[in-house]
Amino acid sequence: MNADVIVVGAGPAGMMLAGELRLGGARVTVLERLAQRSGESRGLGFTSRTMEVFDQRGLLSRFGDLTVSNQGHFGGLPVDFSILDGAPQAAKTVPQSQTETVLESWAAELGADIRRSHEVTGSTDEGDAVIVRARDGAGHDVELRAGWLVGCDGGHSMVRKSTGFDFPGSDATMEMYLADVRNLDLEPLMTGKILPCGMVMVGHLPGGITRLIVCERGTPPRARGADVEYGEVSAAWKRLTGEDISHGEPVWVSAFGDATRQATQYRKGRVFLGGDAAHVHLPAGGQGMNTSIQDSVNLGWKLAAVVRGDAPDTLLDTYHSERHEVGRRLLTNTRAQGLLFLSGAEMQPLRDVLRELIGYEAVARHLAAMVSGLDIRYDVDGGRHPLLGRRMPRLALAGAGAGAGPSSSSTEALRGGRGVLLDLTDNAALRQRANGWTDRVDVVTAAPASEPLADLCGTTAILLRPDGYVAWAAPGSWHDLPTALDRWFGPARARLW
Ligand SMILES: Cc1cc2nc3c(=O)[nH]c(=O)nc-3n(C[C@H](O)[C@H](O)[C@H](O)COP(=O)(O)OP(=O)(O)OC[C@H]3O[C@@H](n4cnc5c(N)ncnc54)[C@H](O)[C@@H]3O)c2cc1C
C-alpha cells in the first residue's frame, strides 16, 4: 500500500481531512493537480461553527488578527449571531487562499504526503483496496494503491465520476460575477443591495481590495472555463447601479452560477466524497467552504479509527447519514436565499413578510443557527440531555486533571483530535468505566470554571467525539457510558471494571 488513505484535492476540504487523518494516525497521501495554489479566494471567512472547529485544533492563531462580527444575512435579510448562546463571532475577511495555505502547512507538519502536479485520471475500488491513477507534472502516468479514497476534488470531481456516484440536481440557470478590484471607493454592502434588475454586494478585503458580487438577472450561464473580462463586470455594474467603476484595477475576476446538486451517497465501498465534490449550490451566505471543512472533520477521525483497527467499518456509514442531511439542508437554504435576493419585484411581498418574522426571537434564532452551522444535531442514539448530538459550546474548566493535561476549556481538551470524557464531578467510578478506551479517549476531571450555559446546568459528565459533538451526557442519556464508548470508539481494549 502507498498510503492508508488517498485524498484527491488540496482545497479546504482535502487539507482539513489530511490533517484530521494524520491526527488520528492514518498515513495519508494528497494528490493535487495544480503545481501551486491558484491564489483565488472564492470563500471569505468562517462561520461560527468553523471558528469553533479551528479553535478545537488550535488553528485560529495561525490566521493572525481576525476581523470578526456577529452580523450575517439570510438572503439579504440581516441576521445577528449574538442571539445564540455561546456562539463565537464569525470571521469575515479571511481569503480562501489563506485558509488553504494555513491548512496545508498544518497537514504537512503533521506528516501528510502532499503531491502537487498530480492530476487524478481514474480510480478502481478492488474490494480490499483502491487503485488511483494519476498523471504527474512530467506527463508520466502513475498508479497508487491505498485502503481508502476520498474525493475532495471539487464540483467537477473526477473521483465522483470514476466511481459512478449519482449527482442529481439542477444546472445553472444564470451567471453572476465575482471581482476583487483595487482603486475603488465604494460603500460596503455586506448583505447585498437588491436593485430593479439584479443584486450587488460590496465587501472590503485586506490590502485595499474591494470584493464585488454582481448579479444581473437574465444573464445566461457561459461555457465552463470561458474567460471573464473586468469590462463585463463594470458594464453590468453600470447597468444595475448607474455608476462607472471601469477605472478599477482587477486583481481577480470570475463568474459563477446557481447549479445545485448533491451526491445521493457520500460513500460507495472504499470511496467517499467530501466538500464540493459531494454538494454544489449557489454561494449564498458564505457556507460552502465551511460545510466542506466540517465534512472533513466528521470523516477524518472515523476513517482514522477504522484504519487503526479500533472501530468497525460500520462507523464509516455514519459519515453519510450525518453529513448528507447537513448537505441537503444547505442546498435548501441556499436555494431559498437565492430566490430571496436574486428574484425581482414579485418576491418583495415575501421579503417583507420574512423581515417581519425575523423580528420574532425564535425565527431569528432559527435562521442564525442555520447559517452559522450551529444547528446541527446528529442522531447519537438519544436521551433527553439537550446537548446530545449537538456541538459542545466552549466550557471553561477549573482544575483539569487526568489524561489530557491542564486543559482550560472543553475546546482545548479536543486539541489532540481524540475523544474526551469530561468528568465534571470527580467521579472515580465513572472514570473506571472508561478504562478500556483510554488509548483513544482522554479523561478530563474538572469543574466548570464559570456559570455554565443553560444547556449544561446539572450535567455531571459529557463524552465528546473528536469532532466536538456530544455523544453521551449524564444525566439524560438512555445508554450507559460503555455502550456509547463502544459505539463511537470501537470495542474496549480490555474490560477492567
Ligand atoms: C463566488 C463564490 C464565492 C464563495 N464564497 C464563499 C464564502 O464566502 N464562504 C464559503 O464558505 N464558501 C464560499 N464559496 C464556496 C467555496 O469556495 C467552496 O465550497 C470550497 O472551495 C469547496 O472546497 P473543496 O475543498 O471541497 O473544493 P475546491 O476548493 O474546489 O478544491 C478542490 C481541489 O481539487 C483539485 N482537483 C480537482 N480535480 C482534480 C483531479 N482530477 N486531480 C487532482 N486534483 C484535483 C483542485 O485543483 C482543487 O485544488 C464560494 C464559491 C464561489 C463560487
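Q: Even after reading the chapter, I still don't get the domain arrangement of the protein chain, so can you show me in this structure?
A: Here the domain parsing of the protein chain yields domain 1 (3-169 + 261-372), domain 2 (172-257) and domain 3 (397-489). Once you take the C-alpha centre of each, domain 2 and domain 3 turn out to be 48 Å apart.

Q: Would you take a moment to explain the pattern of salt bridges for this structure?
A: Pairing between side chains of opposite charge can happen when their charged atoms approach one another. Considering all chains together, one arrives at 36 salt bridges under this definition. Close ionic contact of R27 with D4 constitutes a salt bridge, the shortest N to O distance being 3.6 Å. Here R27 is found in the loop between helix 1 (12-23) and strand 2 (28-31), whereas its partner D4 is found in strand 1 (residues 3-8), with 23 residues between them in sequence. Across the pair R62 and E109 runs a salt bridge, and its minimum N-O distance is 2.8 Å. Note that R62 is positioned in the loop between helix 2 (48-56) and strand 4 (68-69) and E109 in helix 3 (residues 96-109), a separation of 47 residues in sequence. For E109, a relative accessible area of 55% corresponds to the exposed category. Taken together, the shared-partner salt bridges connect R308, D310, D439, R440 and R493 into one network.

Q: How do you make sense of the nonpolar core when you look at a structure like this?
A: In summary, soluble globular proteins display a tendency toward joint burial of nonpolar side chains. Among the nonpolar cores identified, the biggest contains 103 residues, and F54 and L463 are the most heavily contacted of them. At 9 residues, the largest contribution of residues to this core is made by helix 6 (residues 288-308). Counting residues domain by domain, this core receives three or more from each of domain 1 (3-169 + 261-372) and domain 3 (397-489). Aside from chain neighbours lying at most four places away, what touches F54 is M16, F46, L59, L60, F63, T99, L103 and I293.

Q: Just to check I follow, could you spell out the sheet that holds strand 17 (residues 249-257) for this structure?
A: Strand pairs in the sheet, formed through backbone hydrogen bonds, run parallel or antiparallel to each other. Taken together, 5 strands build an open sheet; the order of strands is 14-15-16-13-17 and the sheet is antiparallel. Each edge of the sheet is formed by a strand with only one pairing partner; in this case those strands are strand 14 (189-195) and strand 17. Going across the sheet, the axis of each strand differs from the next one's by a mean of 15°, ignoring polarity. Bridge count for strand 15 (residues 198-205) against strand 16 (residues 209-216) is 8 bridges, and the pairing is antiparallel. Considered in strand 16, the bridge of L205 is made with I209. Sitting on the sheet, helix 5 (residues 230-241) is in contact with strand 13 (175-182), strand 14, strand 15, strand 16 and strand 17, with an inclination near 65° to strand 16.

Q: Can you walk me through the site of the ligand in this structure?
A: Close contacts around the ligand come from 31 residues, with E32, Q96, D276, M289 and N290 the closest. Contact between the ligand and D276: an oxygen atom at 2.8 Å from a side-chain N or O atom of the residue. A distance of 3.3 Å separates an oxygen atom of the ligand from a polar atom in the backbone of G286. Its free accessible area being 1000 Å², the ligand has 89% of it covered by the protein chains. Counting only elements with at least two residues in the shell around the ligand, the list comes to helix 1, strand 9 (118-125) and helix 6. Broken down by element, the residue count for the shell around the ligand peaks at 4 residues, all from helix 6. Of the residues contributing to the shell around the ligand, the split by class is 13 nonpolar, 12 polar and 6 charged.

Q: For this particular structure, what's the right way to read unusual backbone geometry?
A: Note on backbone geometry: most residues besides glycine have negative phi, and most peptide bonds are trans. Cis geometry is found at the peptide bond from A474 to P475, where omega equals -5°. You can see P475 is positioned in the loop between strand 27 (470-474) and helix 11 (481-489). Phi at S117 takes a positive value of approximately 55°, unusual for a residue other than glycine. Positionally, S117 belongs in the loop between strand 8 (113-115) and strand 9. Looking at S117, the relative accessible area reads 23%, which means it is partly exposed. In this structure, D426 takes a positive phi of about 50° despite not being glycine. With respect to the helices and strands, D426 occurs in the loop between strand 23 (419-423) and helix 10 (428-433).

Q: How should the packing of helix 1 against helix 3 be read in this particular structure?
A: For any two helices packed against each other, the geometry is given by the interaxial angle and the distance between the axes. Where helix 1 contacts helix 3, the axes come no closer than 9 Å and their chain directions differ by 20°. When the axes of helix 1 and helix 3 are compared, the pair comes out roughly parallel. Helix-helix and strand crossings are classified by hand; for helix 1 and helix 3 the assignment is left-handed. In contact with P12, M15, M16, A18, G19, E20, R22 and L23 of helix 1, helix 3 contributes Q96, E100, L103, E104, W106 and A107. A per-class count over the contact of helix 1 with helix 3 returns 8 nonpolar, 2 polar and 4 charged.

Cut-off values and rules
- Residues numbered from 1 in each chain as written.
- Predicted model: local features only at pLDDT ≥ 70, side-chain atom pairs only at ≥ 80, totals over all residues.
- Heavy atoms only, no water.
- Domains from an automatic or database assignment.
- Salt bridge = Lys/Arg side-chain N within 4 Å of Asp/Glu carboxyl O.
- Helix = DSSP H or I, 4+ residues; strand = E, 2+ residues; numbered from the N terminus.
- Buried < 20%, exposed > 50% of the residue type's maximum accessible area, 1.4 Å probe, protein only.
- Core = buried A, V, L, I, M, F, W, Y, C linked by side-chain atoms within 4.5 Å.
- Contact = heavy atoms within 4.5 Å.
- Pairing = 2+ DSSP bridges.
- Axes fitted to C-alpha atoms, helices over the stretch in contact; angles between N-to-C directions.
- Near = heavy atom within 4 Å.
- Polar contact = N/O pair within 3.5 Å; in protein donor to acceptor, adjacent residues only side chain to side chain.
- Areas by Shrake-Rupley, 256 points an atom, 1.4 Å probe, with all protein chains shown as cover.
- Nonpolar A, V, L, I, M, F, W, Y, C, P; charged D, E, K, R; others polar.
- Parallel < 35°, antiparallel > 145°, perpendicular 65-115°, else oblique.
- Left-handed = near helix turned anticlockwise from the far one by under 90°.

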